[in-house]
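For reference, the chains in residue letters:
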There are 6 protein chains.
Amino acid sequence: MKFLPISFLILALATATALAYDPSPLQDICVATDDLESGVFVNGKFCKDLKQATADDFQFLGLNTLGISMARIDFAPGSLNPPHTHPRGTEVLVVVEGTILVGFVTSDQLNNTLFTKVPYKGDVFVFPIGLIHFQLNIGNTYALAFSGLSSQNPRLITIANAVFEAKAPISADVLTKAFQLDKKVVDYLEAQFWYDNN
Amino acid sequence: MKFLPISFLILALATATALAYDPSPLQDICVATDDLESGVFVNGKFCKDLKQATADDFQFLGLNTLGISMARIDFAPGSLNPPHTHPRGTEVLVVVEGTILVGFVTSDQLNNTLFTKVPYKGDVFVFPIGLIHFQLNIGNTYALAFSGLSSQNPRLITIANAVFEAKAPISADVLTKAFQLDKKVVDYLEAQFWYDNN
Amino acid sequence: MKFLPISFLILALATATALAYDPSPLQDICVATDDLESGVFVNGKFCKDLKQATADDFQFLGLNTLGISMARIDFAPGSLNPPHTHPRGTEVLVVVEGTILVGFVTSDQLNNTLFTKVPYKGDVFVFPIGLIHFQLNIGNTYALAFSGLSSQNPRLITIANAVFEAKAPISADVLTKAFQLDKKVVDYLEAQFWYDNN
Amino acid sequence: MKFLPISFLILALATATALAYDPSPLQDICVATDDLESGVFVNGKFCKDLKQATADDFQFLGLNTLGISMARIDFAPGSLNPPHTHPRGTEVLVVVEGTILVGFVTSDQLNNTLFTKVPYKGDVFVFPIGLIHFQLNIGNTYALAFSGLSSQNPRLITIANAVFEAKAPISADVLTKAFQLDKKVVDYLEAQFWYDNN
Amino acid sequence: MKFLPISFLILALATATALAYDPSPLQDICVATDDLESGVFVNGKFCKDLKQATADDFQFLGLNTLGISMARIDFAPGSLNPPHTHPRGTEVLVVVEGTILVGFVTSDQLNNTLFTKVPYKGDVFVFPIGLIHFQLNIGNTYALAFSGLSSQNPRLITIANAVFEAKAPISADVLTKAFQLDKKVVDYLEAQFWYDNN
Amino acid sequence: MKFLPISFLILALATATALAYDPSPLQDICVATDDLESGVFVNGKFCKDLKQATADDFQFLGLNTLGISMARIDFAPGSLNPPHTHPRGTEVLVVVEGTILVGFVTSDQLNNTLFTKVPYKGDVFVFPIGLIHFQLNIGNTYALAFSGLSSQNPRLITIANAVFEAKAPISADVLTKAFQLDKKVVDYLEAQFWYDNN
């Protein structure tokens, strides 16, 4: 079974991937660049010479060290942003158009409680850092939302992909025990195509 | 001289005001509440009992400890979000409708350089933490933008208000020297009405 | 299908649950206590009067504000610590006895790559903050490991529990689409008993 | 109108400019150096080889990663340290000689309240991070103060310079509306010489 | 043997004691107060009602949450600020009068290297966070210095006091082995008066 | 006088030395590497190309940016881990075998109070960040403990080494006054061999 794709546009460091409550900046700006020659990397990104920064940089690369990013999510009718986490960022979503069901689940210690809502247009909803959450377009028109995320690189772990499409696959012993599924079902799931939301 | 008002709705901790790269949360959620009895306060907000949290909390009060907030900015034609800072948060704005001029100025050490742009609809622009920035609707239709801010309480310092409408007023000696204005002009400015963007 | 239980003892704030790169302490010690009267809570825990601290506090409650905890994990032969995350802490595990298979999966952006190993006795292995990981006793004797976690309250999200045992259950629409399972299978899974690792 | 210059000596990373509650150091010392060859930069500064550090480094460059700096401020009679902010650092000033008027203004949300005082010799006064503040020598002798700042690179935004001397100039539309001034006055101000406190 | 006392005035949260790279503030100001009734404490200090803050608060109690403090050190001729650490703050000292010898020792991993200097009047010297350091007045006149510390509550551990004047005393077994001293010498030292620099 | 050596194995970034509540990671992993060519360093470590990471990296070098480390401590009968601090990390120790006396001393402001205990096998004990602490094997068999430390590089300052074996030696004036010892005793101590726990 598939789900209708959603269009997920990260309006931020488009070339980067993951985040947290980031370390503070130690200068006004630090526009991300790659240091192709040295072959080494740093926590975050290298910065280009401050004197070479331009206004255009502040649409993407200028987010480096600034602790936030923004995403645009377009939902076709019935489409799902499947259960996932942002390990290093809280997400606050605002509904601009349409009707979506949103929810998150707390940790084991808070009994895996589901908080769920259908926000009105213009409402926001918060998905606390690290918790599993999802959004589903339950209307019959397109829906549009924007999300702020509290890191330049919030990262994304789509649960189904991480569990059933890991490279290399997680051992069948682990998955059958963890999810109480027959090995045949696990094999079947690992053979499916899992939509890439990255 | 006045400017056309903008409508500025903080889609977040509506009862609070200002922020930074906030301290990390030490539990899943910490829904803000006031402790009316004790008469003391804490850095941030007290939290209500976790067991009493509801989904509705995650439109506003549930942002407590989660390090982010969202604002909606409606611009009437020609209206201005005047030069201001968010001392404790970076802002990333996305243009949803209309045509706005945005810009920020760097610190003295970077020569007070102005970075300015007219983003296309759907573009984002970043205003680094603590720097003076503004937005002006240069079109002849309404404009709409959403901004993510990297703190639950980014605070707002509108420069004109802080300088010319401080309570009590800043000494004339300071303002005349600082802004190279005659005392009469300073007195005049301190007598004006300054639009409250709070 | 079940898995053999493991014994999982949190050698730390036994009354609390999970954390991250915690805010710094602003005094030497801050032994956790509950403020039963005020009915409010704070980010983290209240502290008791410093003068009342005793050496015994530093086995559990004295961890408050100190940014770390320790867990002991006993594995019966064949038992599994199922795929889970610690949203707010990195875990470093040392194998003291036995033979366990360990692994973690990176985020979508790093292609959900599995890093897996069978450490020798005395070796350590690191599970980066927020990533899905697991341990499985692949030997035929008991295994023992200790884990340090980089927060006083690392929290625990067991993936299977959070997805299939949420209270209230996550909508079938979401789960069938997310995991490409028939509704019958989803219903079946939601009806199972999921071992409580808390 | 001009103001008598003050002498403002940053007793710290003299070659650098800006700050915050800085990221923690991950080693004892990290003496700042420039990496002239790579053409890239990092958040903060590169460090030289630890083995090459000398005691002299700990007058300036050794402040790198250490989260603090110190400034000396000499005030000629009547001179002003004009309204400015340090976006990334709190400042604590101690009056060593003379009589100065000090003050800061809170954010809009706290009604732009002015806190002002004439400290006695030996007293300190705190200017919270990100708020507009100033000092004025109201005596007829020289005054001397030292300030600690809670970042290796606090940055400085002099309000008048940032608003009226931005490069390129901020649009007249913005400034006339923001400050309720005639365009002629704005043009006049933009043509003035603004003392460089950097 | 005694040392000539120094006069050590903490120009900051006079009622508090110790620090770090502190958690960020979540509002403009948070003037410290004690909550006498509840009998509980928090990491840091409770704050009084913002509306009751006055300018006088910003000489001491207003430092709460602001991440910095200032100390004044008066040295009689020959007096010593004995080897000590500030566990949670870097110290930057400026010499205002006199001639003092300053120094710090790096960690074991950097071979306990001593960095030492006699700064000129007006010079600064940095003592990195957590390292053992000292100052000695080597002139024959009074010396005066001011120190900024990167925390509201840097704490102070005077090595001699902590080792030889702990309450209760550290076991003789530990001290004789640690310092390679006879038990008689250890007993003798534990019986001495150790000057209180607190 | 000597003490029986302990075997102290850092089960972590074996090539590095010191730490704190570390800055957050801005990507999933950042395996430490040296950049031999550039001759410069960064706060922490450079990272190798993410695509070249292997599972083996997560025994040591993969700890880079992940905010924790683990140590194994083997105690011969009667051996001592002498009074020391970890400037940038809290330590939580678990006793696996044997009988050890543990303790720490608070700061001057908390009156250098000693908290001491003989934990049972399986118990933990916490040594708060930056405070002087020690462990002594008081049994007549080998003891074994593991410690988690809340930083990738906690650093180690062995008090006796830092004070009496600094390179170059701390001035006799300082040590005689600080420790109330005759110069002969100081000279004697500085000539001893101090066991290297690094």
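Just so it is clear, the model here is predicted, and its values are computed rather than measured.

Reading the values: rules and limits
- Residues numbered from 1 in each chain as written.
- Chains lettered and ligands numbered in written order.
- Predicted model: local features only at pLDDT ≥ 70, side-chain atom pairs only at ≥ 80, totals over all residues.
- Heavy atoms only, no water.
- Helix = DSSP H or I, 4+ residues; strand = E, 2+ residues; numbered from the N terminus.
- Buried < 20%, exposed > 50% of the residue type's maximum accessible area, 1.4 Å probe, protein only.
- Areas by Shrake-Rupley, 256 points an atom, 1.4 Å probe, with all protein chains shown as cover.
- Pairing = 2+ DSSP bridges.
- Contact = heavy atoms within 4.5 Å.
- Axes fitted to C-alpha atoms, helices over the stretch in contact; angles between N-to-C directions.
- Least-squares fit on C-alpha atoms with pLDDT ≥ 70 in both.
- Parallel < 35°, antiparallel > 145°, perpendicular 65-115°, else oblique.
- Left-handed = near helix turned anticlockwise from the far one by under 90°.
- Nonpolar A, V, L, I, M, F, W, Y, C, P; charged D, E, K, R; others polar.
- UniProt positions renumbered as here; feature names shortened; annotations may be inferred.
- Polar contact = N/O pair within 3.5 Å; in protein donor to acceptor, adjacent residues only side chain to side chain.
- Buried area = accessible area lost by both parts, 1.4 Å probe.
- Salt bridge = Lys/Arg side-chain N within 4 Å of Asp/Glu carboxyl O.
- Phe/Tyr/Trp six-rings, centres within 6.5 Å; stacked < 30°, edge-to-face > 60°.
- pLDDT = per-residue confidence, 0-100.

Topic: the overall build of chain A
In terms of helices and strands, chain A carries three helices and 12 strands. In chain A, buried positions account for 66% of the 198 residues. In the structure as shown, chain A presents an accessible area of about 6,400 Å², 55% of it carried by carbon and sulfur atoms.

Overview of the sheet that holds strand β8 (residues 114-117) of chain C
Taken in spatial order, the five strands line up as β8-β7-β10-β5-β12 (chain C) in an open sheet, and their pairing is antiparallel. Among the strands making up the open sheet, the edge pair consists of β8 and β12 (157-158) of chain C. Sheet topology note: the strand β5 (residues 80-85) of chain C/β12(C) ladder contains two bridges and is antiparallel. The partner of C:H84 across the bridge, within β12(C), is C:T158. Across the face of the sheet, helix α2 (residues 172-179) of chain A comes into contact with β5 and β10 (132-137) of chain C while running at roughly 80 degrees to β5(C).

Comments concerning the relation of the copies chain E and chain D
There are two copies of the chain, and a rotation about an axis plus a shift along that axis relates them. Superposing chain E onto chain D takes a rotation of 180 degrees combined with a translation of 0.0 Å along the rotation axis, leaving an RMSD of 0.0 Å. Considering both components of the superposition, the chain copies are consistent with a two-fold axis. When C-alpha positions in chain E are compared against the rotation axis, the closest is assigned to E:G148, at 2.5 Å. Taken together, the interface assignments show that 100% of the residues at the interface of chain E recur at the interface of chain D, consistent with an identical surface on both copies.

Considerations on the packing of helix α2 (residues 172-179) of chain D against helix α3 (residues 183-191) of chain D
Residues and elements named next belong to chain D. Look at α2 against α3: their axes get within 9 Å of each other, and the N-to-C directions meet at 110 degrees. Here α3 runs roughly perpendicular to α2, going by the angle between their axes. At the point where α2 passes α3, the crossing takes the right-handed sense. Facing A172, L175 and T176 of α2, the residues of α3 in contact are K183, V186 and E190. In the contact of α2 with α3, the residues fall into three nonpolar, one polar and two charged.

Considering the environment of C:I132
With respect to the helices and strands, the residue C:I132 is situated in strand β10. If near-sequence neighbours (up to four positions away) are discounted, C:I132 is found in contact with A:I157, A:I159, A:A162, A:V163, C:P83, C:H84, C:T85, C:G103, C:F104, C:V105 and C:I159.

Quick notes on the relation of the copies chain A and chain C
Of the transformation placing chain A onto chain C, the axial shift is 0.0 Å and the rotation is 180 degrees, giving an RMSD of 0.0 Å. Most of the interface of chain A is mirrored in chain C, where 98% of its interface residues again form contacts.

Comments concerning the UniProt feature "binding site: Mn(2+)" (unreviewed entry) in chain A
Residues and elements named next belong to chain A. Residues annotated in UniProt with the feature "binding site: Mn(2+)" (unreviewed entry) correspond here to H84, H86, E91 and H133. Annotated residues spanning 50 residues; largest pairwise C-alpha distance 11.7 Å, indicating a single compact cluster. Relative to the helices and strands, E91 is located in strand β6 (residues 91-97). For E91, the contacting residues outside a window of four places in its chain are I73, H84, H86, F125, V126, F127, H133, Q135, S147, G148 and L149. Side chain to side chain, E91 and H86 meet in a polar contact 2.9 Å long. Within the secondary structure, H133 sits in strand β10 (residues 132-137). The exposure class assigned to H133 is buried, which follows from its relative accessible area of 1%. Discounting chain neighbours no more than four positions away, the residues touching H133 are P82, P83, H84, T85, H86, E91, G103, F104 and F127.

A look at the environment of B:T85
Residues and elements named next belong to chain B. Within the secondary structure, T85 sits in strand β5 (residues 80-85). On the basis of relative accessibility, which here comes to 4%, the residue T85 falls in the buried class. Taking the C-alpha atoms as reference points, T85 and I159, 74 residues apart in sequence, are found 7.6 Å from one another.

A look at the sheet that holds strand β5 (residues 80-85) of chain E
Taken in spatial order, the five strands make up an open sheet running β8-β7-β10-β5-β12 (chain E), and their pairing is antiparallel. Here the strands that pair on one side only, and so sit at the sheet edges, are β8 (114-117) and β12 (157-158) of chain E. In the packing of helix α2 (residues 172-179) of chain F onto the sheet, contacts are made with β5 and β10 (132-137) of chain E, and the angle to β5(E) comes to roughly 80 degrees.

Description of the side chain of B:S69
Structurally, B:S69 is set in strand β4 (residues 69-75). A polar contact is formed between the side chain of B:S69 and the backbone oxygen of B:S151, at a distance of 2.9 Å.

Here we look at the interface of chain E and chain D
Taken together, the contact between chain E and chain D spans 46 residues of the former and 46 residues of the latter. In total, about 3,800 Å² of surface goes out of reach between chain E and chain D, with carbon and sulfur atoms giving 74% of it. Inspection of the chain E/chain D interface yields two salt bridges. The partner of E:D56 in a salt bridge is D:K117, and the shortest N-O contact between them spans 2.6 Å.

Concerning the interface of chain A and chain C
Chain A puts 59 residues into the contact, and the matching count from chain C is 59 residues. Viewed at the interface, chain C and chain A are joined by 14 residue pairs in polar contact (both at pLDDT 80 or more). Classifying every residue of the side of chain A that touches chain C gives 35 nonpolar, 15 polar and nine charged.

Re α2(F)
Residues three or four positions apart in an α-helix share a direction because the helix packs 3.6 residues into each turn. The buried count for α2(F) comes to six of eight residues, which makes it a mostly enclosed element. For α2(F), the full list of buried residues reads F:V174, F:L175, F:T176, F:K177, F:A178 and F:F179. Packing partners of the buried residues in α2(F) comprise β5, β10, α1 (159-164) and α3 (183-190) of chain E together with α1 (159-164) and α3 (183-191) of chain F. The positive-phi residue at the C-terminal boundary of α2(F) is F:Q180, with phi of around 55 degrees.

A word on the pattern of salt bridges
Residue and element names in this part refer to chain F. A complete count under the given rule lists 36 salt bridges over all chains for this structure. Here D57 makes a salt bridge to K48, at a shortest N to O gap of 3.1 Å. You can call D57 buried: its relative accessible area is 9%. Among the residues examined, K48 registers a relative accessible area of 21% and is labelled partly exposed.

Some thoughts on unusual backbone geometry
With an omega of -5 degrees, the peptide bond between D:K167 and D:A168 qualifies as cis. Note on placement: D:A168 falls in the loop between α1 (159-164) and α2. With a phi close to 65 degrees, B:R155 is a non-glycine residue in the positive phi region. Tracing the backbone through its elements, the reader meets B:R155 in the loop between β11 (143-149) and β12 (157-158). Although it is not a glycine, E:Q180 adopts a positive phi angle of roughly 55 degrees. In this structure E:Q180 comes out as buried when scored by relative accessible area, which is 7%.

Some details on the packing of aromatic side chains
According to the stated counting rule, one finds 57 aromatic pairs over all chains in the structure shown. Relative to F:F104, the ring of C:F58 lies with its centre 4.9 Å away and its plane at 85 degrees, an arrangement referred to as edge-to-face. One end of the pair, C:F58, is in the loop between β3 (46-47) and β4 (69-75); the other, F:F104, is in strand β7 (residues 100-105), on a second chain. Of the two residues, C:F58 and F:F104, neither departs from the other in class, the shared state being buried.

Focus on the confidence of the model for chain A
All names here are of chain A. Model confidence for chain A is summarised by a mean pLDDT of 83, while 86% of its residues fall at 70 or above. Across residues 1-5 the pLDDT falls below 50, and counting only partners more than four positions away or on other chains, this stretch makes 17 contacts in the model. Low pLDDT, under 50, characterises residues 10-20; the predicted model gives this stretch 54 contacts beyond four residues in sequence or across chains. The complex prediction reports pTM at 0.88, with the ipTM value standing at 0.86.

Details of the side chain of C:H86
Residue and element names in this part refer to chain C. Relative to the assigned elements, H86 resides in the loop between β5 and β6 (91-97). A distance of 2.8 Å separates a polar side-chain atom of H86 from the backbone oxygen of R155. Not counting residues up to four positions away in its chain, the partners in contact with H86 are E91, I129, G130, H133, L149, P154, R155 and L156.

A few points about the environment of C:L144
All names here are of chain C. Assignment of secondary structure puts L144 in strand β11 (residues 143-149). Distance in space between the C-alpha atoms of L144 and A76 is 8.9 Å, their sequence separation being 68 residues. The contact partners of L144, leaving out residues within four places of it in the chain, are R72, I73, D74, V94, V95, V96 and E97.

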